[in-house]
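Residue strings, one per chain:
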Amino acid sequence: MKRYLIIIAMTAVFAAAHAQQGLYVNELFQGKIIPKEQMMEIAVRGKSIAKYQLTYFHSLRFIASGEEFSRIKMLVEKDHEANMAESGGEGSYSITNKKSGKEVISFMLRLKPLNGKNRYLCYKTTGRNGKTYETTVVYMEGSLPSLDKLKSILQVTIK
C-alpha cells in the first residue's frame, strides 16, 4: 500500500513540474530563485477549475528582494519574447499606482499552445518599501481561448 502511495505522489509531483517545462520561468517554480519553503504554492487540477475552461492552475506567492524580482522579471520577459516570436502569442502589461503610493505591476502572457492546450503565464507585484516586492506568479493551461477571456474571468472572481 505504501508503495502505491509513493508512486501516486511521485506522479503528481512530476506532472506539476512538467507543466512549466520549456519555460524560462520554470526556474522559479522549481525553487531555484526563491526557496520553496519561502513561497506559498497552490496547484489545482480537475473539476474545481473546469468552469473557468482550465485544466491546470499553479501559483506561487512570495516576497522577493530587488535582485530576485529583477531575475524573475527577466525570465518572464524571455518567455514573452520567445512566445511572441514563435506563435503570435499575446501579452498585456500594466503599471498602476495605488493610493498608498505603492506601484503595482502586472503582466499577462498567452504562451504558445502545448499538446492542444492554451497556456498562460501571469505575474503581479507590489513594491513594498523599495527593497522588497510582494509577488504572485501564476501558470495556467486549458481550453480558455484568449487573454481577454482570462481578464474577464479574473475581474469576476476577484470582486
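Here the structure is shown first, and the text comes after it.
Computed from a predicted model, the values in this text were never measured in an experiment.

Calculation criteria
- Per-chain numbering applies: the sequence of each chain, read as written, is numbered from 1 onward.
- Note on the predicted model: pLDDT of at least 70 is required for a residue's local features to be given, and 80 or more for side-chain atom pairs to be given and counted; whole-chain, interface and lining totals, by contrast, use all residues.
- Note that water and hydrogens are dropped before the side-chain values are worked out from all heavy atoms of the structure.
- Strands are runs of DSSP state E lasting at least two residues, helices are runs of H or I lasting at least four, and both sets are numbered from the N terminus onward.
- In this description, contact between two residues means that some pair of their heavy atoms is separated by no more than 4.5 Å.
- Per-residue and other accessible areas follow the Shrake-Rupley method at a 1.4 Å probe size, with only the shown protein chains counted as cover for residues.
- Only buried Ala, Val, Leu, Ile, Met, Phe, Trp, Tyr and Cys residues count toward a nonpolar core, and they belong to the same one when joined by side-chain atoms within 4.5 Å.
- For the exposure calls, accessible area comes from a 1.4 Å probe over protein chains only, and a residue counts as buried if that area is under 20% of its type's maximum, exposed if over 50%, partly exposed in between.
- Here the positive residues are Lys and Arg and the negative ones are Asp and Glu; neither His nor the chain ends is included.
- A pairing counts as a salt bridge when a side-chain nitrogen of Lys or Arg comes within 4 Å of a carboxyl oxygen of Asp or Glu.
- Identification of polar contacts relies on pairs of N or O atoms within 3.5 Å, with a donor-acceptor requirement for protein atoms, meaning one able to donate a hydrogen and the other able to accept it, and with residues adjacent in sequence counted only if both atoms are side-chain atoms.

J.: Would you take a moment to explain the overall build of the protein chain for this structure?
T.: Assigned secondary structure in the protein chain consists of 5 helices and 6 strands. Tracing the protein chain from N to C terminus, the helices and strands come up as α-α-β-α-β-α-β-β-β-β-α. Long-range contacts, defined here as pairs at least 24 residues apart, represent 55% of the contacts in the protein chain between residues at least 6 apart. Here the protein chain has roughly 9800 Å² of accessible surface; of this, 56% comes from carbon and sulfur atoms.

J.: Can you walk me through the nonpolar core in this structure?
T.: In summary, soluble globular proteins display a tendency toward joint burial of nonpolar side chains. Counting residues in hydrophobic clusters, the biggest one holds 23 residues, and the most contacted among them are Leu 28, Ile 34, Phe 62, Ile 72 and Val 137. Secondary-structure elements contributing two or more residues to this core are α2 (26-29), β2 (54-65), α4 (66-87), β4 (103-114), β5 (117-127) and β6 (132-142). Apart from the residues lying within four places of it in its own chain, the contact partners of Phe 62 are Leu 28, Ile 34, Gln 38, Met 39, Ile 72, Tyr 133, Glu 134, Thr 135 and Val 137. Of all hydrophobic cores here, the second largest spans 11 residues; its members include Tyr 120, Cys 122, Leu 144 and Leu 150.

J.: Help me understand the side chain of Asp 79 in this model?
T.: The residue Asp 79 is located in helix α4 in this model. This buried residue, Asp 79, is left without a salt bridge; Arg 119 holds the nearest opposite charge, at 7.5 Å. Polar side-chain contacts of Asp 79 include one of 2.7 Å to the backbone nitrogen of Tyr 24. When residues no more than four places from it in sequence are discounted, the contact partners of Asp 79 are Leu 23, Tyr 24, Val 25, Leu 109 and Leu 121.

J.: What's the story with the pattern of salt bridges in this structure? I'm lost.
T.: Opposite charge on two side chains lets them pair, provided their charged atoms get close. Scanning all chains against the criterion turns up 4 salt bridges. Glu 27 serves as the salt-bridge partner of Arg 71, at 2.3 Å between the closest nitrogen and oxygen. With Arg 71 in helix α4 and Glu 27 in helix α2, this pair connects stretches of sequence that are 44 residues apart. Accessibility expressed as a relative area gives 36% for Arg 71, which makes it partly exposed. Note that Lys 36 and Glu 41 form a salt bridge whose closest N and O atoms lie 3.4 Å from each other. Look at Glu 41 and you get partly exposed, because its relative accessible area is 38%.

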